[in-house]
Amino acid sequence: MAELDPRKETILRAIIIEYVGTAEPIGSEALLQRYELGVRSATIRNEMAEMSDLGYLEQPHTSAGRIPSDMGYRYYVDRLLEDRRVGETARQQVKQIASEGDALQELLRDTARILSRITRLLTVATTIRDHQVTVRNAVISALGPQQALLVLVLSNGHVENRMLECPTGLTLQDVGAANEFLVSTVAGRTLRGLARVKSPASGTSVASDKLLGLLCGTIRQACRDLTRGKVVTEGEEYMFGQPEFRGNASVLSELLERLSQTDFLYDALSADAPQTVTIGRENKEPLHQFSVVRRSFFVGPEEAGVLAVIGPTRMNYDESIPLVNFTAEVLSGGLTRYLGLQPPD
(Lines give C-alpha, C1' and ligand atoms only; values in the text may rest on other atoms or scores of the structure.)
Protein backbone atom coordinates (compact mmCIF):
# COMPACT_ATOMS: atom_id res chain seq x y z
CA MET A 1 0.00 0.00 0.00
CA ALA A 2 1.55 3.27 -1.16
CA GLU A 3 2.21 5.94 1.47
CA LEU A 4 0.25 9.17 0.93
CA ASP A 5 1.70 12.60 1.58
CA PRO A 6 -0.02 14.81 4.18
CA ARG A 7 -2.13 16.71 1.62
CA LYS A 8 -3.47 13.54 0.06
CA GLU A 9 -4.20 12.16 3.54
CA THR A 10 -6.15 15.31 4.39
CA ILE A 11 -8.17 15.05 1.17
CA LEU A 12 -8.83 11.34 1.71
CA ARG A 13 -10.00 12.00 5.27
CA ALA A 14 -12.32 14.78 4.03
CA ILE A 15 -13.80 12.61 1.27
CA ILE A 16 -14.50 9.78 3.70
CA ILE A 17 -16.12 12.11 6.24
CA GLU A 18 -18.34 13.62 3.53
CA TYR A 19 -19.23 10.30 1.95
CA VAL A 20 -20.14 8.72 5.30
CA GLY A 21 -22.61 11.56 5.83
CA THR A 22 -24.09 11.91 2.35
CA ALA A 23 -23.58 8.59 0.51
CA GLU A 24 -22.97 10.75 -2.58
CA PRO A 25 -19.76 11.07 -4.67
CA ILE A 26 -17.62 14.02 -3.56
CA GLY A 27 -16.25 16.57 -6.04
CA SER A 28 -13.38 19.01 -5.71
CA GLU A 29 -15.66 22.05 -5.48
CA ALA A 30 -17.52 20.57 -2.52
CA LEU A 31 -14.25 19.92 -0.71
CA LEU A 32 -13.04 23.45 -1.47
CA GLN A 33 -16.21 24.97 0.00
CA ARG A 34 -16.32 22.87 3.15
CA TYR A 35 -12.64 22.50 4.08
CA GLU A 36 -9.68 24.82 4.43
CA LEU A 37 -7.29 22.90 2.22
CA GLY A 38 -5.16 25.87 1.18
CA VAL A 39 -5.08 24.93 -2.52
CA ARG A 40 -7.14 25.60 -5.63
CA SER A 41 -9.88 23.37 -7.03
CA ALA A 42 -7.62 22.26 -9.88
CA THR A 43 -5.00 21.06 -7.41
CA ILE A 44 -7.61 19.09 -5.49
CA ARG A 45 -8.80 17.49 -8.75
CA ASN A 46 -5.25 16.48 -9.60
CA GLU A 47 -4.70 15.01 -6.16
CA MET A 48 -7.98 13.07 -6.40
CA ALA A 49 -7.01 11.77 -9.83
CA GLU A 50 -3.66 10.58 -8.49
CA MET A 51 -5.34 8.84 -5.54
CA SER A 52 -7.71 7.16 -7.99
CA ASP A 53 -4.73 5.88 -9.95
CA LEU A 54 -3.22 4.58 -6.71
CA GLY A 55 -6.47 2.75 -5.90
CA TYR A 56 -7.63 4.82 -2.90
CA LEU A 57 -10.60 6.43 -4.66
CA GLU A 58 -13.15 5.31 -7.22
CA GLN A 59 -15.23 7.28 -9.73
CA PRO A 60 -18.68 5.70 -10.11
CA HIS A 61 -19.55 7.78 -13.19
CA THR A 62 -17.47 9.76 -15.66
CA SER A 63 -18.88 13.14 -14.61
CA ALA A 64 -19.30 12.32 -10.93
CA GLY A 65 -17.03 12.98 -7.99
CA ARG A 66 -15.04 10.33 -6.17
CA ILE A 67 -15.90 7.85 -3.46
CA PRO A 68 -13.49 5.91 -1.22
CA SER A 69 -12.43 2.44 -2.37
CA ASP A 70 -11.92 -0.51 -0.04
CA MET A 71 -8.21 0.38 -0.06
CA GLY A 72 -9.03 3.97 0.85
CA TYR A 73 -11.07 2.85 3.84
CA ARG A 74 -8.30 0.45 4.85
CA TYR A 75 -5.72 3.26 4.74
CA TYR A 76 -8.05 5.45 6.80
CA VAL A 77 -8.71 2.80 9.45
CA ASP A 78 -5.05 1.79 9.75
CA ARG A 79 -3.38 5.22 9.61
CA LEU A 80 -5.78 8.15 9.90
CA LEU A 81 -8.34 7.04 12.46
CA GLU A 82 -8.17 9.12 15.61
CA ASP A 83 -8.75 7.71 19.08
CA ARG A 84 -12.23 8.80 20.00
CA ARG A 85 -14.03 8.35 23.31
CA VAL A 86 -17.49 6.82 23.21
CA GLY A 87 -20.14 9.45 23.99
CA GLU A 88 -21.44 9.57 27.54
CA THR A 89 -25.03 8.79 26.51
CA ALA A 90 -23.96 5.67 24.65
CA ARG A 91 -21.70 4.62 27.51
CA GLN A 92 -24.54 4.84 30.00
CA GLN A 93 -26.92 2.93 27.73
CA VAL A 94 -24.46 0.08 27.29
CA LYS A 95 -23.55 -0.05 30.99
CA GLN A 96 -27.20 -0.11 32.02
CA ILE A 97 -27.94 -3.11 29.78
CA ALA A 98 -24.92 -5.02 31.10
CA SER A 99 -25.94 -4.42 34.71
CA GLU A 100 -29.59 -5.46 34.21
CA GLY A 101 -29.16 -8.75 32.32
CA ASP A 102 -30.51 -11.69 34.33
CA ALA A 103 -29.39 -14.53 32.06
CA LEU A 104 -26.68 -15.17 29.53
CA GLN A 105 -28.94 -15.24 26.47
CA GLU A 106 -30.86 -12.18 27.64
CA LEU A 107 -27.66 -10.27 28.29
CA LEU A 108 -26.28 -11.06 24.84
CA ARG A 109 -29.49 -10.14 23.05
CA ASP A 110 -30.03 -6.92 24.99
CA THR A 111 -26.41 -5.88 24.41
CA ALA A 112 -26.66 -6.61 20.68
CA ARG A 113 -29.95 -4.71 20.49
CA ILE A 114 -28.64 -1.55 22.15
CA LEU A 115 -25.48 -1.63 20.03
CA SER A 116 -27.53 -1.88 16.83
CA ARG A 117 -29.73 1.02 17.94
CA ILE A 118 -26.77 3.26 18.66
CA THR A 119 -24.84 2.42 15.49
CA ARG A 120 -27.90 1.90 13.22
CA LEU A 121 -26.10 -1.18 11.95
CA LEU A 122 -26.64 -4.92 12.05
CA THR A 123 -25.17 -6.42 15.23
CA VAL A 124 -24.12 -10.04 15.69
CA ALA A 125 -22.93 -11.86 18.80
CA THR A 126 -21.59 -15.41 18.65
CA THR A 127 -20.64 -17.49 21.67
CA ILE A 128 -18.20 -20.34 22.17
CA ARG A 129 -19.19 -23.52 23.97
CA ASP A 130 -17.05 -26.34 25.33
CA HIS A 131 -13.90 -24.37 24.52
CA GLN A 132 -12.06 -25.92 27.50
CA VAL A 133 -12.72 -29.50 26.36
CA THR A 134 -9.39 -31.13 25.52
CA VAL A 135 -8.36 -33.75 22.99
CA ARG A 136 -7.26 -36.80 24.97
CA ASN A 137 -6.11 -38.76 21.95
CA ALA A 138 -5.86 -38.23 18.21
CA VAL A 139 -4.96 -40.80 15.57
CA ILE A 140 -5.12 -41.12 11.80
CA SER A 141 -5.51 -44.52 10.13
CA ALA A 142 -5.15 -45.27 6.44
CA LEU A 143 -8.22 -47.03 5.04
CA GLY A 144 -6.79 -47.42 1.57
CA PRO A 145 -4.61 -45.61 -0.96
CA GLN A 146 -7.00 -42.64 -1.18
CA GLN A 147 -8.76 -42.47 2.20
CA ALA A 148 -7.90 -42.11 5.86
CA LEU A 149 -9.84 -41.74 9.10
CA LEU A 150 -9.04 -39.12 11.73
CA VAL A 151 -10.30 -39.97 15.22
CA LEU A 152 -10.40 -37.37 18.02
CA VAL A 153 -11.19 -38.61 21.52
CA LEU A 154 -12.30 -35.72 23.73
CA SER A 155 -12.15 -35.26 27.50
CA ASN A 156 -15.96 -35.09 27.71
CA GLY A 157 -16.24 -38.60 26.25
CA HIS A 158 -17.17 -37.55 22.73
CA VAL A 159 -15.44 -39.30 19.82
CA GLU A 160 -15.23 -37.30 16.59
CA ASN A 161 -14.54 -39.13 13.32
CA ARG A 162 -13.53 -37.33 10.12
CA MET A 163 -12.82 -38.89 6.72
CA LEU A 164 -9.91 -37.51 4.69
CA GLU A 165 -9.12 -37.85 1.01
CA CYS A 166 -5.42 -38.68 0.95
CA PRO A 167 -2.94 -37.14 -1.48
CA THR A 168 -1.42 -39.44 -4.08
CA GLY A 169 1.94 -41.00 -3.31
CA LEU A 170 1.30 -41.27 0.43
CA THR A 171 3.29 -43.96 2.28
CA LEU A 172 2.84 -45.69 5.62
CA GLN A 173 5.88 -43.73 6.85
CA ASP A 174 4.02 -40.49 6.03
CA VAL A 175 1.01 -41.71 8.02
CA GLY A 176 3.32 -42.58 10.91
CA ALA A 177 4.83 -39.07 10.81
CA ALA A 178 1.32 -37.60 10.87
CA ASN A 179 0.49 -39.65 13.98
CA GLU A 180 3.66 -38.40 15.66
CA PHE A 181 2.48 -34.84 14.89
CA LEU A 182 -0.92 -35.60 16.42
CA VAL A 183 0.67 -36.93 19.61
CA SER A 184 3.09 -34.04 20.00
CA THR A 185 0.89 -31.13 18.87
CA VAL A 186 -2.80 -32.07 19.18
CA ALA A 187 -3.21 -34.42 22.16
CA GLY A 188 -3.74 -32.58 25.44
CA ARG A 189 -4.75 -29.27 23.88
CA THR A 190 -8.13 -27.58 24.16
CA LEU A 191 -10.53 -27.32 21.24
CA ARG A 192 -10.19 -23.54 21.41
CA GLY A 193 -6.43 -23.77 21.23
CA LEU A 194 -6.60 -26.11 18.24
CA ALA A 195 -8.99 -23.91 16.27
CA ARG A 196 -5.94 -22.22 14.70
CA VAL A 197 -3.48 -25.10 14.60
CA LYS A 198 -1.01 -24.72 11.73
CA SER A 199 0.71 -27.35 9.68
CA PRO A 200 4.49 -27.71 9.95
CA ALA A 201 6.52 -28.51 6.86
CA SER A 202 7.87 -32.00 7.37
CA GLY A 203 10.26 -31.81 4.47
CA THR A 204 10.12 -35.57 4.02
CA SER A 205 7.87 -35.57 0.93
CA VAL A 206 5.31 -33.49 -0.91
CA ALA A 207 2.62 -36.04 -0.04
CA SER A 208 3.52 -35.84 3.66
CA ASP A 209 3.29 -32.04 3.66
CA LYS A 210 -0.08 -32.21 1.89
CA LEU A 211 -1.36 -34.72 4.43
CA LEU A 212 -0.31 -32.54 7.36
CA GLY A 213 -1.97 -29.52 5.78
CA LEU A 214 -5.16 -31.50 5.15
CA LEU A 215 -5.04 -32.88 8.69
CA CYS A 216 -4.71 -29.44 10.28
CA GLY A 217 -7.50 -28.04 8.14
CA THR A 218 -9.77 -30.90 9.18
CA ILE A 219 -8.89 -30.40 12.86
CA ARG A 220 -9.57 -26.67 12.66
CA GLN A 221 -12.97 -27.27 11.09
CA ALA A 222 -13.83 -29.97 13.63
CA CYS A 223 -12.92 -27.64 16.50
CA ARG A 224 -15.05 -24.84 15.07
CA ASP A 225 -17.96 -27.24 14.66
CA LEU A 226 -17.61 -28.58 18.20
CA THR A 227 -17.31 -25.19 19.91
CA ARG A 228 -20.10 -23.33 18.15
CA GLY A 229 -22.57 -21.97 20.63
CA LYS A 230 -25.38 -19.45 20.24
CA VAL A 231 -25.80 -16.76 17.60
CA VAL A 232 -27.69 -13.54 18.26
CA THR A 233 -28.52 -11.01 15.53
CA GLU A 234 -30.20 -7.64 15.97
CA GLY A 235 -30.86 -4.65 13.72
CA GLU A 236 -31.60 -6.26 10.35
CA GLU A 237 -34.15 -3.50 9.76
CA TYR A 238 -31.44 -0.82 9.79
CA MET A 239 -29.77 -2.37 6.75
CA PHE A 240 -32.79 -1.60 4.57
CA GLY A 241 -32.40 2.09 5.33
CA GLN A 242 -28.86 2.29 3.92
CA PRO A 243 -28.78 4.27 0.64
CA GLU A 244 -26.42 1.74 -0.99
CA PHE A 245 -29.06 -0.99 -0.90
CA ARG A 246 -32.27 0.85 -1.72
CA GLY A 247 -31.88 0.06 -5.41
CA ASN A 248 -30.09 -3.24 -4.94
CA ALA A 249 -32.23 -5.28 -2.59
CA SER A 250 -30.87 -8.57 -3.96
CA VAL A 251 -27.46 -8.01 -2.34
CA LEU A 252 -29.06 -7.33 1.02
CA SER A 253 -31.50 -10.22 0.68
CA GLU A 254 -28.65 -12.61 -0.05
CA LEU A 255 -26.75 -11.39 2.99
CA LEU A 256 -29.71 -11.72 5.34
CA GLU A 257 -30.40 -15.20 4.00
CA ARG A 258 -26.82 -16.24 4.65
CA LEU A 259 -26.95 -14.70 8.12
CA SER A 260 -29.56 -17.30 9.03
CA GLN A 261 -26.84 -19.94 8.55
CA THR A 262 -24.82 -20.41 11.73
CA ASP A 263 -21.80 -21.79 9.86
CA PHE A 264 -21.54 -18.67 7.72
CA LEU A 265 -21.68 -16.34 10.72
CA TYR A 266 -18.97 -18.20 12.61
CA ASP A 267 -16.70 -18.23 9.57
CA ALA A 268 -17.38 -14.56 8.82
CA LEU A 269 -16.61 -13.44 12.36
CA SER A 270 -13.62 -15.68 12.98
CA ALA A 271 -10.35 -13.80 13.23
CA ASP A 272 -6.87 -14.40 14.60
CA ALA A 273 -6.72 -11.04 16.36
CA PRO A 274 -9.02 -10.15 19.29
CA GLN A 275 -10.15 -6.99 17.50
CA THR A 276 -10.25 -6.60 13.74
CA VAL A 277 -11.88 -4.56 11.01
CA THR A 278 -12.42 -6.17 7.62
CA ILE A 279 -13.50 -4.04 4.68
CA GLY A 280 -15.28 -4.96 1.47
CA ARG A 281 -13.50 -7.72 -0.41
CA GLU A 282 -11.39 -8.58 2.62
CA ASN A 283 -14.54 -10.42 3.71
CA LYS A 284 -15.97 -13.61 2.25
CA GLU A 285 -18.94 -13.45 -0.08
CA PRO A 286 -21.64 -12.16 0.20
CA LEU A 287 -19.96 -9.55 2.45
CA HIS A 288 -17.96 -7.93 -0.38
CA GLN A 289 -20.00 -4.71 -0.12
CA PHE A 290 -19.88 -4.61 3.67
CA SER A 291 -17.47 -3.93 6.50
CA VAL A 292 -17.28 -5.91 9.73
CA VAL A 293 -16.02 -4.46 13.02
CA ARG A 294 -15.52 -7.24 15.56
CA ARG A 295 -14.18 -7.62 19.07
CA SER A 296 -13.85 -10.69 21.27
CA PHE A 297 -15.51 -10.70 24.68
CA PHE A 298 -14.45 -12.76 27.69
CA VAL A 299 -15.62 -14.55 30.80
CA GLY A 300 -12.78 -14.00 33.22
CA PRO A 301 -9.57 -14.60 31.24
CA GLU A 302 -11.24 -16.96 28.74
CA GLU A 303 -12.59 -15.84 25.38
CA ALA A 304 -16.36 -16.42 25.31
CA GLY A 305 -17.37 -15.13 21.89
CA VAL A 306 -17.32 -12.32 19.37
CA LEU A 307 -19.37 -9.13 19.16
CA ALA A 308 -19.58 -7.42 15.77
CA VAL A 309 -21.37 -4.78 13.74
CA ILE A 310 -21.92 -5.23 10.01
CA GLY A 311 -22.70 -2.37 7.69
CA PRO A 312 -21.81 -0.81 4.35
CA THR A 313 -18.15 0.04 3.74
CA ARG A 314 -19.34 3.65 4.16
CA MET A 315 -19.93 3.06 7.89
CA ASN A 316 -18.67 5.62 10.38
CA TYR A 317 -15.51 3.88 11.60
CA ASP A 318 -14.67 6.74 13.98
CA GLU A 319 -17.76 5.86 16.00
CA SER A 320 -18.33 2.15 15.34
CA ILE A 321 -14.83 0.89 16.24
CA PRO A 322 -14.55 2.49 19.71
CA LEU A 323 -18.20 1.66 20.43
CA VAL A 324 -17.76 -2.05 19.61
CA ASN A 325 -14.58 -2.12 21.71
CA PHE A 326 -16.29 -0.43 24.67
CA THR A 327 -19.40 -2.61 24.44
CA ALA A 328 -17.33 -5.80 24.32
CA GLU A 329 -15.41 -4.68 27.42
CA VAL A 330 -18.63 -3.93 29.30
CA LEU A 331 -20.16 -7.23 28.15
CA SER A 332 -17.06 -9.07 29.38
CA GLY A 333 -17.43 -7.47 32.79
CA GLY A 334 -21.15 -8.30 32.93
CA LEU A 335 -20.62 -11.94 31.98
CA THR A 336 -17.75 -12.31 34.43
CA ARG A 337 -19.84 -10.91 37.28
CA TYR A 338 -22.83 -13.02 36.24
CA LEU A 339 -20.76 -16.18 36.52
CA GLY A 340 -19.06 -15.09 39.74
CA LEU A 341 -15.55 -14.84 38.31
CA GLN A 342 -12.89 -12.21 38.58
CA PRO A 343 -12.91 -9.70 35.67
CA PRO A 344 -10.08 -9.98 33.09
CA ASP A 345 -7.02 -7.78 33.50
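Overview of the structure. (Residues numbered from 1 in each chain as written. Predicted model: local features only at pLDDT ≥ 70, side-chain atom pairs only at ≥ 80, totals over all residues. Heavy atoms only, no water.)

### Let's talk about the packing of helix α7 (residues 172–186) against helix α9 (residues 206–227)
Helix packing for two helices is described by the angle between their axes and how far apart those axes are.
Working step 1: Between α7 and α9, whose axes approach to 10 Å, the crossing angle comes to 40°. The orientation of α7 with respect to α9, classified from their angle, is oblique. Once α7 is placed against α9, the crossing between them reads as right-handed. Where α7 abuts α9, its residues D174, V175, A178, F181, L182 and V186 lie against A207, S208, L211, L212, L215, C216 and I219.
Working step 2: Counted by class, the contact of α7 with α9 contains 11 nonpolar, one polar and one charged residues. (Axes fitted to C-alpha atoms, helices over the stretch in contact; angles between N-to-C directions. Helix = DSSP H or I, 4+ residues; strand = E, 2+ residues; numbered from the N terminus. Parallel < 35°, antiparallel > 145°, perpendicular 65-115°, else oblique. Left-handed = near helix turned anticlockwise from the far one by under 90°. Contact = heavy atoms within 4.5 Å. Nonpolar A, V, L, I, M, F, W, Y, C, P; charged D, E, K, R; others polar.)

### Let's talk about helix α11 (residues 249–259)
Working step 1: Of all the residues in α11, the buried ones are V251, L252, L255 and L259. End-on, the buried residues of α11 take up no more than an arc of 95°, which puts them together on one face. Pointing more than 90 degrees away from the buried face of α11 are the exposed residues S250 and E257. (Buried < 20%, exposed > 50% of the residue type's maximum accessible area, 1.4 Å probe, protein only. Arc of directions from axis to C-beta.)

### Topic: the nonpolar core
Working step 1: Counting residues in hydrophobic clusters, the biggest one holds 54 residues, and the most contacted among them are I11, L12, L31, F297 and Y317.
Working step 2: Of all the elements, helix α13 (residues 317–338) adds the most residues to this core, at nine residues.
Working step 3: Formed by 27 residues, the second largest nonpolar core is a distinct cluster that contains L154, C166, F181 and L182. (Core = buried A, V, L, I, M, F, W, Y, C linked by side-chain atoms within 4.5 Å.)

### Some details on helix α3 (residues 41–54)
Working step 1: Compared with an ideal rise of 1.5 Å per residue, which puts 14 residues at 20 Å, α3 spans 20 Å between its outermost C-alpha atoms and is within 8% of the ideal.
Working step 2: Residues of α3 that are buried: S41, I44, E47, M48 and M51. Buried positions in α3, seen along its axis, are confined to an arc of 120° and lie on one side of it.
Working step 3: Summarising the contacts, the buried residues of α3 are in contact with α1 (6–22), α2 (28–34) and β1 (57–58).
Working step 4: Just past α3, the residue G55 takes up positive phi, approximately 100°. (Expected span 1.5 Å × (residues − 1).)

### Let's talk about the sheet that holds strand β4 (residues 135–142)
Working step 1: Ordered by their spatial adjacency, three strands build an open sheet running β4-β5-β6, and the pairing between neighbours is antiparallel. Each edge of the open sheet carries a strand with a single partner, namely β4 and β6 (159–165). Each adjacent strand pair in this sheet contributes to an overall mean axis angle of 15°, direction not counted.
Working step 2: Of the pairings in the sheet, the one linking strand β5 (residues 147–154) to β6 comprises seven bridges and is antiparallel in character. By the bridge assignment, L149 is partnered in β6 with M163. (Pairing = 2+ DSSP bridges.)

### Overview of the environment of Q146
Working step 1: With respect to the element layout, Q146 can be found in the loop between β4 and β5.
Working step 2: Given a relative accessible area of 39%, Q146 falls into the partly exposed group.
Working step 3: Sequence spacing of Q146 and R192 is 46 residues, and the spatial spacing of their C-alpha atoms is 30 Å.
Working step 4: What Q146 contacts, discounting residues up to four positions off in sequence, is L164, E165, C166 and T168.

### Some details on the environment of I310
Working step 1: Residue placement: I310 occurs in strand β10 (residues 302–312).
Working step 2: Given the relative accessible area of 1%, I310 is considered buried.
Working step 3: When residues no more than four places from it in sequence are discounted, the contact partners of I310 are L121, L122, V124, M239, L259, L287, F290, S291, V292 and M315.

### Quick word on the pairing of β4
Working step 1: In the sheet, β4 pairs with β5 via seven bridges, with the strands oriented antiparallel. Paired with V135 across the strands is L154, a residue of β5.
Working step 2: Where β4 folds back on β5, the antiparallel hairpin that results is connected by four residues.

### Focus: the side chain of T313
Working step 1: Note that T313 resides in the loop between β10 and α13.
Working step 2: Residue T313 is classed as buried on the basis of its relative accessible area of 14%.
Working step 3: Setting aside its immediate chain neighbours within four residues, T313 contacts D70, Y73, I279, G280, Q289, F290 and S291.

### What about the packing of α1 against helix α4 (residues 70–80)?
Working step 1: Where α1 meets α4, the axes come as close as 11 Å, and the angle between the chain directions of the two elements is 110°. Put simply, α1 runs roughly perpendicular to α4. Handedness of the α1/α4 crossing: left-handed. Together, E9, L12, R13, I16 and Y19 of α1 and G72, Y73, Y75, Y76 and L80 of α4 make up the contact between the two elements.

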